[in-house]
Amino acid sequence: MKKILVIEDDPDVRDIILDVLEAERYWAIGAEHGREGVDLAIAHLPDLIICDVMMPELDGYGVLKELQSQPKTATIPFVFLTAKSTKSDQRQGMELGADDYITKPFMRTELLSAITTRLKKQEVQTEKAEIKLDELRHSISLSLPHELRTPLNGILVSSEFLQHDFENLDYQEILELLENINVSAKRLHRLIINFLLYTDLQLIKTNPKRLFSLRSKSIEYVSLIIKELSVGISKKQQKSRIDDLRLNVKDAHLRIDRDGFIKLLEEVLDNAFKFSEPGTEITVFGEIEGEFYHLAISDRGRGMSAEQIANFGAYQQFDRKIYEQQGSGLGLSIVKELVNLYDGKFMIDSSLNEGTTIHVLLPTLPQAEES
């Protein structure tokens, strides 16, 4: 039995809605005002909330804001009930994450139709999320043990060597073993973080509210971020490659959150340095092209074949062909997912033994527009 919470300060209207819902075999819960509604929503976790806009103490917008801030209630479908519904009212509600509006007075069929539509949509979204989660569980169960084993073995072997032969090792040998442990631990940590991030990105696609929240964010002064990050990563290579770096980036205001932009930039730069030799150029280019910011990062490394590029999408099944590239799969798959979430474009231009250019196009905003 579906559970529906009705938050309405007019007792007559509230009783009518509750009677209609109970007649349709819904489990109906009534709240006299916004504060009680928030408490009941947290306590009962209903499948749908119908809420009046104009109420004393805490109005409908306040109720929605509080519930959106709670992880347990943030994804519950939310329908506003209002005596008037102008475009500005609807926009305010939709920006907060409301799913629909019902205008008073309403017909019984109109109320039930809105409820049925929202519940069905939520079921479809939940089913998609479950299917995606099952696919990820299966894929991870096949690939994760192997991918974790390599850095884990490095930690175990080096630490056991230290434990059993410590007294026979000189200072330099101890430092080398500790360095091996540190490098392997960092690799293992990054791999785990990336697996978790990739999984979360898959689930965001089936959650309209999280997707809307993500796409409402933006970042300015991207040229400074690109320059600082590019220089920082070039210096962190085993042998500093600051002299290999070529920067030609313009500024822009992008429709992407700061963390997402930094993550995709880190992953593309990391691959460029990893798969090219010291002494060869790494070029970072960025400028506005129409409604997009075109970021292109090029290396003169070993490149990828047409078949490898075509099979890139097979990463979703954690294809071993991609993993045999020693790192170019997971990171770039995260980049591709991030770009798609923001309605951008992702392309790989590569030839074997000639190098690779990763093209990322992200939506721009006017420089003066607030984030």
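Look up a bit, the structure's there.
Quick look at the structure, then. Computed from a prediction, not measured in an experiment: that's the story for all the values here. Sequence order sets the numbering: in each chain, residues are counted from 1 along the sequence as written. In keeping with the model being predicted, local features are shown solely for residues with a pLDDT of at least 70 and side-chain atom pairs are shown and tallied solely at 80 or more, while totals for entire chains, interfaces and linings include all residues. In computing side-chain properties, one takes all heavy atoms of the structure into account and sets aside hydrogens as well as water.

**Some remarks on helix α7 (residues 208-215)**
Relative accessibility thresholds used throughout: buried, under 20% of the residue-type maximum; exposed, over 50%; partly exposed, between the two (1.4 Å probe, protein chains only). In DSSP terms, a helix is any run of H or I states spanning at least four residues, a strand is any run of E spanning at least two, and both are numbered starting from the N terminus. For α7, every residue scored as buried is listed here: Lys209, Leu211 and Leu214. Residues are treated as being in contact if the distance between any of their heavy atoms lies within 4.5 Å. On its buried face, α7 sits against α3 (60-68), β4 (78-82), α6 (171-204) and α12 (330-341).

**Regarding the packing of aromatic side chains**
Two rings belonging to Phe, Tyr or Trp (six-membered ring only in the last case) form a pair when the distance between their centres is within 6.5 Å. Interplanar angles under 30 degrees mark stacking, angles over 60 mark edge-to-face geometry, and anything in between is tilted. Summed over the entire model, instances satisfying the criterion amount to 3 aromatic pairs. A ring pair is formed by Tyr61 and Phe80, whose centres lie 5.3 Å apart and whose planes are at 70°; its orientation type is edge-to-face. Residue Tyr61 is found in helix α3, and its partner Phe80 is found in strand β4; the two are separated by 19 residues along the sequence. Assigned by exposure class, Tyr61 and Phe80 land together as buried. Ring centres of Phe78 and Phe80 lie 5.1 Å apart, and the angle between their planes is 75°; on these two criteria the pair is classed as edge-to-face. The class of Phe78 is buried, set by a relative accessible area of 1%.

**Digging into empty space enclosed by the protein**
For each structure, a 1 Å grid was placed over the protein atoms alone; sets of points admitting a 1.4 Å probe that cannot get out are labelled cavities, open sets with protein on both sides within 12 Å along at least five of seven lines are labelled pockets, and lining residues have an atom within 4 Å of a point. Grid points are joined across faces, edges and corners, and a volume is the space filled by probe spheres set on the points. Overall, the coordinates contain 1 cavity of 30 Å³ or more when judged by the stated rule. Considered as a void within the structure, the largest cavity measures approximately 30 Å³ in volume. With 3 residues, the single largest contributor to the lining of the largest cavity is α3. Charged residues are taken to be Asp, Glu, Lys and Arg, nonpolar residues to be Ala, Val, Leu, Ile, Met, Phe, Trp, Tyr, Cys and Pro, and polar residues to be all remaining types, Gly included. Partitioned by chemical class, the residues of the lining of the largest cavity number 6 nonpolar, 2 polar and 1 charged.

**A closer look at the pattern of salt bridges**
A side-chain nitrogen of Lys or Arg and a carboxyl oxygen of Asp or Glu constitute a salt bridge if their distance falls within 4 Å. One pass over the full model with this rule turns up 15 salt bridges. Here Arg190 ties to Glu267 by a salt bridge, and the two come within 2.7 Å at their closest N and O atoms. With Arg190 in helix α6 and Glu267 in helix α9 (residues 258-274), the pair connects residues that are 77 residues apart, well separated along the chain. Look at Glu267 and you get buried, because its relative accessible area is 2%. Here Asp270 and Lys274 are joined by a salt bridge, their closest N and O atoms 3.3 Å apart. On the criterion of helical spacing, the pair formed by Asp270 and Lys274 is a turn pair, its members being 4 residues apart in helix α9. Look at Asp270 and you get buried, because its relative accessible area is 18%.

**Some details on the side chain of Ser223**
With respect to the element layout, Ser223 can be found in helix α8 (residues 222-235). Here Ser223 is in contact with Val249, Lys250 and Asp251, once residues within four sequence places are set aside.

**Comments concerning a negative patch on the surface**
Exposure above 30% relative accessible area and no salt bridge define the residues that can form patches, which grow by joining like charges within 9 Å and nonpolar side chains of Val, Leu, Ile, Met, Phe, Trp and Tyr within 5 Å. Computed with the Shrake-Rupley method and a 1.4 Å probe, the accessible areas treat only the protein chains shown as cover for residues. Residues scored as positive are Lys and Arg, those scored as negative are Asp and Glu, and His as well as the terminal groups of each chain are ignored. Charge placement uses NZ in Lys and CZ in Arg. For Asp and Glu, CG and CD serve respectively. Together, Asp9, Asp10, Asp12, Asp15, Asp19 and Glu22 make up a negatively charged patch on the protein surface. Within the secondary structure, Asp19 sits in helix α1 (residues 11-23).

**Side note on unusual backbone geometry**
A cis geometry characterises the amide bond from Lys104 onward to Pro105, with omega recorded as -10°. Relative to the helices and strands, Pro105 is located in the loop between β5 (100-103) and α5 (108-165). Unlike most non-glycine residues, Arg25 shows phi in positive territory, near 65°. Its place among the elements puts Arg25 in the loop between α1 and β2 (27-31). Classification of Arg25 as exposed rests on a relative accessible area of 69%. Of note, the phi angle at Tyr221 is positive, near 55°, even though the residue is not glycine.

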